[in-house]
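Chain and residue survey
For reference, the chains in residue letters:
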Amino acid sequence: MLEESGGPCWLSEEVKTGTTIIGVEFDGGIVLGSDSRVSAGASVVNRVMNKLSLLHDKIYCALSGSAADAQTIAEIVNYQLDVHSVELGEDPLVRSAATLVKNISYKYKEELSAHLIVAGWDRRKGGQVYVTLNGLLSRQPFAVGGSGSSYIYGFVDAEYRKGMSRRETQEFVVNALTLAMSRDGSSGGVAYLVTIDETGTEEKCILGNDLPKFFDQ
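Here is what the cut-offs are and how they apply
Residues numbered from 1 in each chain as written. Predicted model: local features only at pLDDT ≥ 70, side-chain atom pairs only at ≥ 80, totals over all residues. Heavy atoms only, no water. UniProt positions renumbered as here; feature names shortened; annotations may be inferred. Helix = DSSP H or I, 4+ residues; strand = E, 2+ residues; numbered from the N terminus. Buried < 20%, exposed > 50% of the residue type's maximum accessible area, 1.4 Å probe, protein only. Contact = heavy atoms within 4.5 Å. Polar contact = N/O pair within 3.5 Å; in protein donor to acceptor, adjacent residues only side chain to side chain. Core = buried A, V, L, I, M, F, W, Y, C linked by side-chain atoms within 4.5 Å. Salt bridge = Lys/Arg side-chain N within 4 Å of Asp/Glu carboxyl O. Pairing = 2+ DSSP bridges. Axes fitted to C-alpha atoms, helices over the stretch in contact; angles between N-to-C directions. Disulfide = S-S within 2.5 Å.

A look at the UniProt feature "active site" (unreviewed entry) in the chain
UniProt's entry tags Thr19 with the feature "active site" (unreviewed entry), counted in the numbering of this structure. The residue Thr19 is located in the segment before strand E1 (21-26) in this model. According to the relative accessible area criterion, Thr19 is buried, its value standing at 4%. Apart from the residues within four sequence positions on either side, Thr19 is in contact with Asp35, Lys51, Leu63, Ser64, Gly145, Gly146, Ser147, Gly148, Asp184, Ser186 and Ser187. A distance of 2.6 Å separates a polar atom in the side chain of Thr19 from a polar atom in the side chain of Lys51.

Below you can see the structure in the form of structure tokens.
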């Protein structure tokens, strides 16, 4: 189908993207997780992209929205945090990283399409999760984002418990991602997890065959 200008209408349509990202605080740290599917409309353009991006040694962000926009923000913040840590002579705070993301997101809100969940551990406040949508900066005990999040809000609201252990939080994140990936056509692939606490950072990739099974699968 062509528009009056003579070009195909899909050229002027916004390309829909999708993902599922989640960040959860536990007693002593955080767990950040994402699926791995990158979509453009009905097409899957990458099946195994790691959407958990390093901002500093113990600070990561989960990417959603336009992959190019989100990756650009993450790279800029990563550079700025490196400079900031050299000036301080110590590791930056998680809130500082989230504030940098927030400032960029707000300044370029008309040009960029990206939502980043920033999470990590620092010496002052331990494990922290921040949402940064369109200039918002808010610390939350857990946060979900992306197209798959609408399928699991009920699950995370019902199943989240304050004071969960490291292992319980990892299982909670994996279950949430699995449920979103099974319902949302724009989410899928493998599950990426990063766990951060005082002792360091642990990255993990869970293949599709190793994800938990639910009754409709």
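Okay, back to it.
Observations concerning the nonpolar core
Of all hydrophobic cores here, the largest spans 21 residues; its most connected members are Ile22, Val24, Val156, Phe172, Val173 and Leu177. Elements with a contribution of two residues or more to this core: E1, strand E10 (142-145), helix H4 (166-183) and strand E11 (191-197). Here this core takes 7 residues from H4, the largest share from any one element. Counting 20 residues, the second largest nonpolar core, distinct from the first, contains Met49, Ala98, Ile104 and Leu116.

Let's talk about the pattern of salt bridges
Tallying each qualifying case throughout the model produces 7 salt bridges. The partner of Glu25 in a salt bridge is Arg139, and the shortest N-O contact between them spans 2.9 Å. In this pair, Glu25 sits in strand E1 while Arg139 sits in strand E9 (residues 138-139), placing the two residues 114 residues apart along the sequence. Under the relative-accessibility criterion, Glu25 is labelled buried at 14%. Of the charged contacts, one joins Arg161 and Glu168 as a salt bridge, the two residues approaching to 3.7 Å between their closest N and O atoms. When its relative accessible area of 44% is taken as the criterion, Arg161 is described as partly exposed. Shared partners join several salt bridges into a network, and the residues in it are Arg166, Asp197 and Glu202.

Observations concerning the sheet that holds strand E6 (residues 59-65)
One open sheet holds the 5 strands; their spatial order is E5-E6-E7-E8-E9, and the pairing between them is antiparallel. The open sheet is flanked by strand E5 (52-56) and E9, the only strands paired with a single partner. Packed on one face of the sheet, helix H1 (residues 67-88) meets E5, E6 and strand E7 (114-122) and runs near 20 degrees to E5. Of the strands in this sheet, E5, E6, E7 and strand E8 (126-131) touch helix H2 (residues 94-107), which is tilted by about 165 degrees from E7.

Comments concerning the environment of Thr178
Note that Thr178 resides in helix H4. Here Thr178 falls in the buried class, since its relative accessible area comes to 3%. Note: C-alpha distance between Thr178 and Gly188 (10 residues apart in sequence) is 8.3 Å.

Here we look at the state of the cysteines
The full count for this structure, using the stated rule, is 0 disulfides. The closest cysteine sulfur to the non-disulfide-bonded Cys61 is located on Cys205, 18 Å from its own sulfur. Taking relative accessible area as the criterion, Cys205 reaches 41% and is therefore assigned partly exposed.

A closer look at the pairing of E10
Neither face of E10 is left uncovered, since the one carrying Phe142 and Val144 and the one carrying Ala143 and Gly145 both have all their residues buried. Here E1 runs beside E10; their pairing, made up of 4 bridges, is antiparallel. When the bridges of E10 are listed, Val24 appears paired with Phe142.

Re the sheet that holds strand E12 (residues 200-206)
In a beta sheet, neighbouring strands pair by backbone hydrogen bonds and run either parallel or antiparallel. Strand order in the open sheet made by the 5 strands is E10-E1-E2-E11-E12, with antiparallel pairing throughout. At either margin of the open sheet sits one strand with a lone partner, and together these are E10 and E12. With direction set aside, neighbouring strand axes in the sheet form an average angle of 10 degrees.

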